[in-house]
Amino acid sequence: MHEHGASGRAALARRAAVAGGDVAKEFFRSGVAVETKAGKTDVVTEADRAAQREVEEIIREERPEEAIVGEEGDALKSVPETGPAWIVDPIDGTNSYVRELTTWATAVGCVIEGEPVAACNYLPAMDDVYTADSEAAYRNGAEISVSAVSDPERAAVVPTVWWPRERRDEYARACEAIVTRFADLRRPGSAQAALAMVAAGSIEGVITNVQTKPWDTIAGVHLVRQAGGEVTDLRGEPWRHDARGLVVSNGELHDEMLEAAQEIDDAV
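Residues numbered from 1 in each chain as written. Predicted model: local features only at pLDDT ≥ 70, side-chain atom pairs only at ≥ 80, totals over all residues. Heavy atoms only, no water.

A. Looking closely at the sheet that holds strand 12 (residues 205-208). Taking strand neighbours across the sheet as the criterion, the 5 strands line up as 11-10-12-14-13 in an open arrangement whose pairing is mixed. Each having just a single partner strand, strand 11 (184-185) and strand 13 (230-232) make up the two edges of the open sheet. Note: strand 12 against strand 14 (residues 246-249), 4 bridges, orientation antiparallel. Bridge pairing links glycine 205 to serine 249 in strand 14. Against the sheet, helix 4 (residues 168-179) makes contact with strand 10 (156-159), strand 11 and strand 12, and its axis sits at roughly 175 degrees relative to strand 10, the strand it touches most. Packing of helix 5 (residues 191-199) onto the sheet brings it into contact with strand 10, strand 12 and strand 14, and relative to strand 12 it is tilted by some 140 degrees. (Pairing = 2+ DSSP bridges. Helix = DSSP H or I, 4+ residues; strand = E, 2+ residues; numbered from the N terminus. Contact = heavy atoms within 4.5 Å. Axes fitted to C-alpha atoms, helices over the stretch in contact; angles between N-to-C directions.)

B. Quick look at the side chain of aspartate 233. Its location among the elements puts aspartate 233 in the loop between strand 13 and strand 14. Note on aspartate 233: relative accessible area 4%, which makes it buried. Within the structure, aspartate 233 has its side chain in polar contact with the backbone nitrogen of arginine 235 (distance 2.9 Å). In contact with aspartate 233, not counting residues within four places along its chain, are Pro238, Trp239, Ala243, Arg244, Gly245, Val247 and Leu258. (Buried < 20%, exposed > 50% of the residue type's maximum accessible area, 1.4 Å probe, protein only. Polar contact = N/O pair within 3.5 Å; in protein donor to acceptor, adjacent residues only side chain to side chain.)

C. Expanded view of helix 4. Counted at 1.5 Å a residue, the expected span for helix 4 with its 12 residues is 16 Å, and the 17 Å between its end C-alpha atoms agrees. By the burial criterion, the buried members of helix 4 are Glu170, Tyr171, Arg173, Ala174, Ala177 and Ile178. Looking down the long axis of helix 4, one finds its buried residues gathered within 165 degrees of arc, a one-sided arrangement. Elements that come into contact with the buried residues of helix 4 comprise strand 10, strand 11, strand 12 and helix 7 (254-263). (Expected span 1.5 Å × (residues − 1). Arc of directions from axis to C-beta.)

Here you go:
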């Protein structure tokens with residue numbers, strides 16, 4: 001077991017994510033009230049807000065001058081192009097959370113000049129802590145790596161994020177592109193959980209054609225990269241937080257993942 005991150009940004013990401021996730025876990029399966037934001041499936045709870053407050057408090061104790069970008073509250077909503085910033089999603093997969101499903105994550109990533117440098121995705125209901133520093137990626141302290149699967153007919157792929165009601169034809173094309181190329185389609189309901197699963201070799205890829213939110217992706221992207229995977233935008237260029245599309249693979253199947261992701265746009 002690798003005893004990594006005794007100090008520095010990776011250790012702070014882990015400490016903040018675990019503390020925030022433990023707050024969210026206290027509310028889990030407790031009948032917490034559910035509110036909606038922009039749409040019927042865009043939900044939020046007091047658990048989201050309480051977990052984000054906890055994460056922010058821990059980061060500010062150690063890095064008071066650094067920016068915090070987060071889904072909830074008064075945190076910034078876009079990633080600064082200069083300097084360090086912390087990217088927070090207190091509960092990624094709130095729809096799973098309120099349905100009392102276990103696949104949700106508290107995600108904390110750190111960027112410098114917009115590039116990910118440290119991350120933690122904590123899945124409290126599963127007692128799994130995924131972290132990445134400058135050297136590697138880990139699950140519960142043990143180093144992990146992406147899968148070695150190179151046969152598409154053995155691969156499992158996730159269509160991630162969420163297409164709004166008026167764009168369900170794109171969601172349908174994403175599913176078709178996956179099931180006609182790969183062995184299986186999985187949808188855990190949390191982009192950060194899915195990215196952690198790619199990093200650990202549990203699944204082979206994640207795709208979408210939409211521009212994702214930084215709190216949904218940055219921590220998981222760093223996990224995948226540090227575990228030996230590949231992450232690009234819809235054009236096949238190295239992914240950035242402001243890119244359109246997210247194409248993630250174990251590296252062995254990236255061309256196939258990219259082709260499937262681009263097919264979503266065929267009729268757009």
